[in-house]
Amino acid sequence: MYIGEQLIAPTDARLRLSAQLGARGIVIDTRPAREVIEDDGSWNPEKVAALRRRIEGFGMRLDGMALDVGSLLLDSLRAPDKAKETAARLRQHIRAAAAGGVPMLKYTVAMVGITRTGVVEGRGGMQCSTFRAADYRPEADARFSYWGTVLPEDGTGHGGGGTSPVDQMGAPETCGQVMASAAGVISAADGWRAIAFLVSELLPTAEAEGIKLACHPHDPAYPPGGLNGVHHVLGSLDGMRRFVALAPDSPCHGFNFCQGTIAEMSTDPTATVLEAIRTFGPQKRIFMVHFRNIAGGYLDFREAMPDEGTVDMAACIRAYREVGYEGILCPDHVPLSDLDPGRERFFAFALGYTKALLQAA
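Residues numbered from 1 in each chain as written. Predicted model: local features only at pLDDT ≥ 70, side-chain atom pairs only at ≥ 80, totals over all residues. Heavy atoms only, no water.

Asker: An account of helix 8 (residues 188-209) is needed here, citing residue identities and associated values.
Answerer: Over its 22 residues, helix 8 runs 31 Å from end to end, which matches the ideal 32 Å to within 8%, given 1.5 Å per residue. For helix 8, the principal kink sits at L202 and spans about 35 degrees; a proline, P204, occurs within the next four residues. Phi turns positive, to about 75 degrees, at G210, one or two residues after helix 8. (Helix = DSSP H or I, 4+ residues; strand = E, 2+ residues; numbered from the N terminus. Expected span 1.5 Å × (residues − 1). Bend = angle between axes of the 7 residues up to and from the residue.)

This is the structure we're talking about:
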């Protein structure tokens, strides 16, 4: 195992910092970045290769990139012709990534934003994103959820009040996500039908090209009956098992194993995360890890720095070692602070904490 970072359009200076902090791998979010994307939306294999060589020039490797599936999942239920067109474009992206020497693509099955209901004060006054199902309101969803490319890593538009991230970033156009209150009913059967469509359309190409497809589970787990009629079927370990069973023999079908998201599935987060590691690790289904923590658990949690949350992070490191995981550990969803607007110090802390756990183990 080794530490690494997820970055959006990094400058050379930012890559130098990653290398100086000890990162060995980098995962690039291609959604807002234009390093590899042509004007027509296709990926250029030569540009992918140039990006890989640029990162290798700093002594690191390009572990993967983000495959933005857009509105494919919703469209598979409501606009099948559009979904087929999107799938064809995504297959081109997979082939370009393979030609450029990238071993993995991560994607999300979120049809709505990463639902949050507010921001609470954490250690030293840092601002921590929170989800309390009892507090859910559409207006809080619009204001506090993560939309499109508005992630904790980019430091804009999230949880700060005023104009919503949806208004700022045009998220429905960016990543195909819509408000949960505007999505209409998405039953559990609908959710599985959409995910099965995505897997059937993309996995054969990934297998032919030797590309691993790393699926991020639903964040957060929704209550029984869903929210606004929307069900998060990949919000439990049973859901993750069912996902694996869609292609049980494929070495390219696995997870962007978001430890924080899995912790959110349970009232006993440490036990659930350890069970997930010991279930999917031996199956070689963990392709990358979001090594992050939360405070709280199922339907009531806040995001946290890695050392202060509910999950026993040292026990998790030991479990990854036990199952033979050898891949990247990326910090993710660190809190916000006006004292560290670019989040570089917070991410440096998370990297150092993770590196120390690895050395201790």
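Asker: Let's hear about the packing of helix 11 (residues 269-280) against helix 12 (residues 313-322): which residues, and what values?
Answerer: Remark: helix 11 packs on helix 12, axes separated minimally by 9 Å, with the N-to-C direction vectors making an angle of 10 degrees. Between helix 11 and helix 12, the crossing angle belongs to the class labelled roughly parallel. When the axes of helix 11 and helix 12 are compared, the crossing they make is right-handed. Here V273, L274, I277 and R278 of helix 11 lie close against helix 12, whose contacting residues are A315, C316, A319, Y320 and E322. Residues of the contact of helix 11 with helix 12, tallied by class, amount to 7 nonpolar, no polar and 2 charged. (Axes fitted to C-alpha atoms, helices over the stretch in contact; angles between N-to-C directions. Parallel < 35°, antiparallel > 145°, perpendicular 65-115°, else oblique. Left-handed = near helix turned anticlockwise from the far one by under 90°. Contact = heavy atoms within 4.5 Å. Nonpolar A, V, L, I, M, F, W, Y, C, P; charged D, E, K, R; others polar.)

Asker: So what's going on with the sheet that holds strand 8 (residues 253-258)? Residues and values would help.
Answerer: Overall, parallel pairing links the 8 strands, which are arranged 1-2-3-4-7-8-9-12 in a closed barrel. Sheet twist, expressed as the average angle between the axes of neighbouring strands with direction ignored, equals 30 degrees. Relative to strand 3 (residues 61-66), strand 2 (residues 25-28) is paired through 4 bridges, and the arrangement is parallel. Across the sheet, the residue bridging to V27 is G64, located in strand 3. Lying over the sheet, helix 1 (residues 12-20) contacts strand 1 (2-7) and strand 2, oriented at roughly 160 degrees with respect to strand 1. (Pairing = 2+ DSSP bridges.)

Asker: So, the pairing of strand 9 (residues 286-290): which residues are in play, and what are the values?
Answerer: The buried count for strand 9 comes to 5 of 5 residues, which makes it a mostly enclosed element. As paired strands, strand 9 and strand 12 (residues 328-330) are joined by 2 bridges and run parallel to one another. Across the sheet, V289 pairs through a bridge with L329, a residue of strand 12. (Buried < 20%, exposed > 50% of the residue type's maximum accessible area, 1.4 Å probe, protein only.)

Asker: Quick rundown of the nonpolar core? Include the residues and the values.
Answerer: Membership of the largest hydrophobic core comes to 100 residues, with the highest contact counts inside it found for M65, Y107, L213, F257 and Y320. In this structure, Y320 is in contact with M1, F257, Q259, I277, I286, V289, F291, Y325 and L329, ignoring residues within four places of it in sequence. Listed in part, the 7 residues of the second largest apolar core include C128, V334, F346 and A350. (Core = buried A, V, L, I, M, F, W, Y, C linked by side-chain atoms within 4.5 Å.)

Asker: Outline the environment of G22, listing residues and values.
Answerer: Secondary-structure assignment places G22 in the loop between helix 1 and strand 2. Along the sequence, G22 and N44 sit 22 residues apart, while their C-alpha atoms lie 30 Å from each other.

Asker: Give me the lowdown on the sheet that holds strand 10 (residues 293-297), citing residues and values where you can.
Answerer: Ordered by their spatial adjacency, 4 strands build an open sheet running 5-6-11-10, and the pairing between neighbours is antiparallel. Either end of the sheet is taken by a strand with one partner, and the two such strands are strand 5 (118-121) and strand 10. The sheet shows a mean angle of 30 degrees between the axes of neighbouring strands, direction not considered. Where strand 10 and strand 11 (residues 300-304) come together, 5 bridges link them in antiparallel fashion. Bridged to I294 within strand 11 is E303.

Asker: Let's hear about the confidence of the model for the protein chain: which residues, and what values?
Answerer: Of all residues in the protein chain, 91% attain a pLDDT of 70 or more, and the chain-wide mean is 91. Overall, residues 150-173 carries pLDDT values under 50, and its contacts beyond four positions in sequence, including any with other chains, amount to 52 contacts. (pLDDT = per-residue confidence, 0-100.)

Asker: How would you explain the packing of helix 12 against helix 13 (residues 344-360) if you had to name every residue and give the values?
Answerer: Following both chains from N to C, one finds helix 12 and helix 13 inclined at 55 degrees, their axes separated by 10 Å at the closest point. The orientation of helix 12 with respect to helix 13, classified from their angle, is oblique. With respect to the hand of their crossing, helix 12 and helix 13 are arranged in right-handed fashion. Between helix 12 and helix 13, the residues in contact are M313, A314 and I317 and Y353, L357 and L358, respectively. The residue makeup of the contact of helix 12 with helix 13, split by class, is 6 nonpolar, no polar and no charged.

Asker: Lay out the side chain of D332 in plain terms, naming residues and giving numbers.
Answerer: Within the element layout of this structure, D332 appears in the loop between strand 12 and helix 13. Within polar-contact distance, the side chain of D332 engages the side chain of Q6 at 3.3 Å. A distance of 3.2 Å separates a polar atom in the side chain of D332 from a polar atom in the side chain of H290. (Polar contact = N/O pair within 3.5 Å; in protein donor to acceptor, adjacent residues only side chain to side chain.)

Asker: Report on the pattern of salt bridges, specifying residues and quantitative values.
Answerer: If you walk through the whole model with that rule in mind, you get 24 salt bridges. In this structure, E344 engages R14 in a salt bridge whose closest nitrogen and oxygen atoms are separated by 3.8 Å. One end of the pair, E344, is in helix 13; the other, R14, is in helix 1, with 330 residues separating them in the sequence. Overall, E344 belongs to the partly exposed group, its relative accessible area being 39%. (Salt bridge = Lys/Arg side-chain N within 4 Å of Asp/Glu carboxyl O.)

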